[in-house]
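Each chain, letter by letter, is given below.
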Amino acid sequence: MALLIRNGEIVTVGSRVQADIYVENETITGIGKDLETPPNTEVIDASGKLVFPGFIDPHVHIYLPFMATFAKDTHETGSIAALIGGTTTYIEMCCPNRNDDAFEGYQLWKSKAEGKSACDYAFHMSVTKFVKETESQLRQIVADGTASFKIFLAYKNFFGVDDGEMYQTLELAKRLGVIVTAHCENAELVARLQQKLVAEGKTGPEWHEPSRPESVEAEGTGRFATFLENTGATGYVVHLSCEKALHAALGAKARGVKINVESVLPHFLLDKSYAERPGVEGMKHVMSPPLRAKHNQAALWNALAGGSIDTVGTDHCPFDTGQKLLGKDSFVNIPNGIPGIEDRVNLLFTHGMQRGRLDLDRFVDAASTRAAKLFGLYPRKGTIAVASDADLVVYDTNYRGVVSAKSHHVNNDYSGFEGMLIEGRPSVVTVRGKVQVRDGKFVGERGRGKMLKREPSHF
Ligand SMILES: [Zn+2]
């Protein structure tokens, strides 16, 4: 059925216009004032509301075996939570570990999403070792439409790569035109500091941050940048958390290194005092890089407003209270991660737009358009234009609500953002022309999501 979204204020990067959007066969086919309504057209009145391109979360974990357990969401639960929060596309980290075969891992991750996700999705392929078959496997994976890699400088002997492997990955990525995303923390320093703190009897969640201090992240970020500089590859720092690491990235950018920066929702809103709460309350807020001293938040917001932080993701990674308690005797064993896939857009709108920290242009860019451009999805995703996919979010800026595990759709028994107010939420969310969400309820088609094939674009 055709769809007409009438009289909303359409927001894209560089443009705000009051108009109608007409959709046929999953695609936007017309934008204009007072469009005709052909028979059999579903009409949505968007008067008084903003209409955004579907939001894109460039960094999520759905299927994730990690630290002797599995993250709680499936693509069914994760995608519904994403859609209710206005995210119509997510990019999942495909994370086989060093002992797994990379290609088998890729097939496994794909099989978990296929026919299950209600929103569209893509993958970043993790390169967790570089051995003789790696190049041919990665070439196959890129040919399959997965045109971005992920490396971990942290997590020694599990996901982590050494400098030689990082070099080989970047050198190949440069030849293939593939962007490389990186978790930037010095693995050796993290391992040594963890040992030292545990030996001193410092085992509570409050010691997680001191085991991976800001300087350890700044070193990783600077080293990644230096390797980009010397291979000519294009990079993307994931979940940058602090001012020191930001300086390392922006210093490299200023000398012409092709480096892009993502920060994630928890680092804008939560600080290390959350992880210093006693017992499991602290453990719920353990992620890596860790929540930081509060003064870093202003630096992140400023960089986001100015565009030197490119995107806002979530690093969505739900482990429940029982799983967090695996680390009750030592912070080293707390599964890392804070869920956020459902809350990113609303909390960014509330604390960015409604508090005057971001303008609408930067909001839509950071939450949708920039990720589409960096990761080969634009203009199919990330904008509202004729011939783009009809992924649309009709947004009610007058809605008021509260984030809570009691009402969220993520498959987890806590929310990292419990009790926070939201000022705005999607009233309608479409995926390729089909209404999937109305006013906080999933009303659509499960398993509708498709894997998005992407072409390399970073030569
Ligand atoms: Zn992650």
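A short tour of the structure in this document, coming up. Predicted model only: the values in this text are computed from it and were never measured.

### Here's the deal with the overall build of the protein
Here comes step 1: Scanning the protein from N- to C-terminus turns up 14 helices and 19 strands.
Here comes step 2: For the protein, whose C-alpha radius of gyration is 21 Å, the value lies close to the compact-globule estimate of 23 Å for 459 residues.
Here comes step 3: When its C-alpha atoms are laid out on the principal axes, the protein stretches across 70 × 50 × 40 Å.
Here comes step 4: Across the 459 residues of the protein, 62% fall into the buried class.
Here comes step 5: Within the protein, contacts between residues at least 6 apart in sequence are counted, and of these 76% link residues at least 24 apart.
Here comes step 6: By element, 50% of the accessible surface of the protein is carried by carbon and sulfur atoms, the whole surface being about 16200 Å².
Here comes step 7: Averaging the locations of the 52 positively and 56 negatively charged side chains of the protein gives two centres separated by 1 Å.

### Digging into the packing of aromatic side chains
Here comes step 1: A full pass over the atoms with the stated rule returns 21 aromatic pairs.
Here comes step 2: Arranged with centres 4.8 Å apart and planes meeting at 75°, the rings of Y63 and W109 form a pair that is edge-to-face. Taken together, the residues Y63 in the loop between strand 6 (55-60) and strand 7 (65-66) and W109 in helix 2 (residues 102-113) connect sequence positions 46 residues apart.
Here comes step 3: For Y63, a relative accessible area of 16% corresponds to the buried category.

### Focus: the coordination of the zinc ion
Here comes step 1: For the zinc ion, every protein donor is listed as H59 (NE2), H61 (NE2) and D315 (OD), and the spread of their distances is 2.0 to 2.1 Å.
Here comes step 2: Sequence positions of the residues that donate to the zinc ion give the spacing H-x1-H-x253-D. Of this pair, H59 sits in strand 6 while D315 is found in the loop between strand 15 (311-313) and helix 12 (321-324), placing the two residues 256 residues apart along the sequence.
Here comes step 3: Here D315 falls in the buried class, since its relative accessible area comes to 9%.

### Some thoughts on the environment of N157
Here comes step 1: One can find N157 in the loop between strand 11 (148-152) and helix 4 (163-176).
Here comes step 2: Put simply, N157 and V238 are 81 residues apart on the chain and 20 Å apart in space, counted from C-alpha to C-alpha.

### Details of the pattern of salt bridges
Here comes step 1: Going through the model one piece at a time under the given rule, you end up with 39 salt bridges.
Here comes step 2: Salt-bridge contacts for K450 lead to E26; the nearest nitrogen and oxygen are separated by 4.0 Å. Of the two residues, K450 is situated in the segment after strand 19 (441-442) and E26 in the loop between strand 2 (15-24) and strand 3 (27-32); the sequence distance between them amounts to 424 residues.
Here comes step 3: The class of K450 is partly exposed, set by a relative accessible area of 40%.
Here comes step 4: Of the charged contacts, one joins R175 and E171 as a salt bridge, the two residues approaching to 3.0 Å between their closest N and O atoms.

### Concerning the packing of helix 4 against helix 7 (residues 214-231)
Here comes step 1: Packing of helix 4 against helix 7 leaves a shortest axis separation of 10 Å and a crossing angle of 45°. Judged by the angle between their axes, helix 4 and helix 7 are oblique. Here the hand of the crossing between helix 4 and helix 7 comes out right-handed. Residues D163, M166, Y167, L170, E171 and K174 of helix 4 touch helix 7, and the partners they reach there are R223, F224, F227, L228 and T231.

### A word on the side chain of S288
Here comes step 1: Tracing the chain through its elements places S288 in the loop between helix 10 (279-283) and helix 11 (295-306).
Here comes step 2: When its relative accessible area of 4% is taken as the criterion, S288 is described as buried.
Here comes step 3: At 3.3 Å, the side chain of S288 forms a polar contact with the side chain of R212.
Here comes step 4: A distance of 2.5 Å separates the side chain of S288 from the side chain of N336, its partner in a polar contact.
Here comes step 5: Beyond its immediate sequence surroundings of up to four residues, S288 is in contact with Y155, H183, E185, H208, R212, H239, D315 and N336.

### Considerations on the nonpolar core
Here comes step 1: If you look at the biggest cluster of nonpolar residues, it comprises 118 residues, and the most contacted ones within it are F52, F149, F224 and F363.
Here comes step 2: Residue contributions to this core peak at 8 residues, all from helix 14 (residues 360-374).
Here comes step 3: When near neighbours in sequence (up to four residues on either side) are disregarded, F149 contacts M125, V127, L138, V142, T169, A173, L176, V178, I179, V180 and T181.
Here comes step 4: Core analysis: the next-biggest nonpolar cluster, separate from the first, contains 16 residues, I10, I21, A390 and V435 among them.

### Some remarks on the pairing of strand 11
Here comes step 1: Counting buried residues in strand 11 gives 5 out of 5 residues, a clear majority hidden from the surface.
Here comes step 2: The two faces of strand 11 match: S148, K150 and F152 on one face and F149 and I151 on the other face are all buried.
Here comes step 3: With 2 bridges connecting them, strand 10 (residues 120-126) and strand 11 associate as parallel partners. Of the residues in strand 11, the one forming a bridge with M125 is F149.
Here comes step 4: Across 5 bridges, strand 11 lies against strand 12 (residues 179-183) in parallel orientation. Of the residues in strand 12, the one forming a bridge with F149 is V180.
Here comes step 5: For the crossover that starts at strand 11, traverses helix 4 and ends in the parallel strand 12, the hand is right-handed.

### As for the sheet that holds strand 15
Here comes step 1: Across the sheet, which stays open at both edges, the 8 strands sit in the order 6-9-10-11-12-13-14-15 with parallel pairing between neighbours. Lying at the two open borders of the sheet, with one neighbouring strand each, are strand 6 and strand 15. Within the sheet, the average angular offset between the axes of one strand and its neighbour, ignoring direction, is 30°.
Here comes step 2: The pairing of strand 12 with strand 13 (residues 235-237) spans 3 bridges and is parallel.

The rules we used
- Residues numbered from 1 in each chain as written.
- Predicted model: local features only at pLDDT ≥ 70, side-chain atom pairs only at ≥ 80, totals over all residues.
- Heavy atoms only, no water.
- Helix = DSSP H or I, 4+ residues; strand = E, 2+ residues; numbered from the N terminus.
- Rg over C-alpha atoms; globule rule 2.2 N^0.38 Å.
- Buried < 20%, exposed > 50% of the residue type's maximum accessible area, 1.4 Å probe, protein only.
- Contact = heavy atoms within 4.5 Å.
- Areas by Shrake-Rupley, 256 points an atom, 1.4 Å probe, with all protein chains shown as cover.
- Lys, Arg positive; Asp, Glu negative; His and termini not counted.
- Charge placed at Lys NZ, Arg CZ, Asp CG, Glu CD.
- Phe/Tyr/Trp six-rings, centres within 6.5 Å; stacked < 30°, edge-to-face > 60°.
- Donors = N, O, S within 2.8 Å, 3.2 Å for Na, K, Ca; no water.
- Salt bridge = Lys/Arg side-chain N within 4 Å of Asp/Glu carboxyl O.
- Axes fitted to C-alpha atoms, helices over the stretch in contact; angles between N-to-C directions.
- Parallel < 35°, antiparallel > 145°, perpendicular 65-115°, else oblique.
- Left-handed = near helix turned anticlockwise from the far one by under 90°.
- Polar contact = N/O pair within 3.5 Å; in protein donor to acceptor, adjacent residues only side chain to side chain.
- Core = buried A, V, L, I, M, F, W, Y, C linked by side-chain atoms within 4.5 Å.
- Pairing = 2+ DSSP bridges.
- Right-handed = clockwise from strand over helix to strand, strands pointing away.

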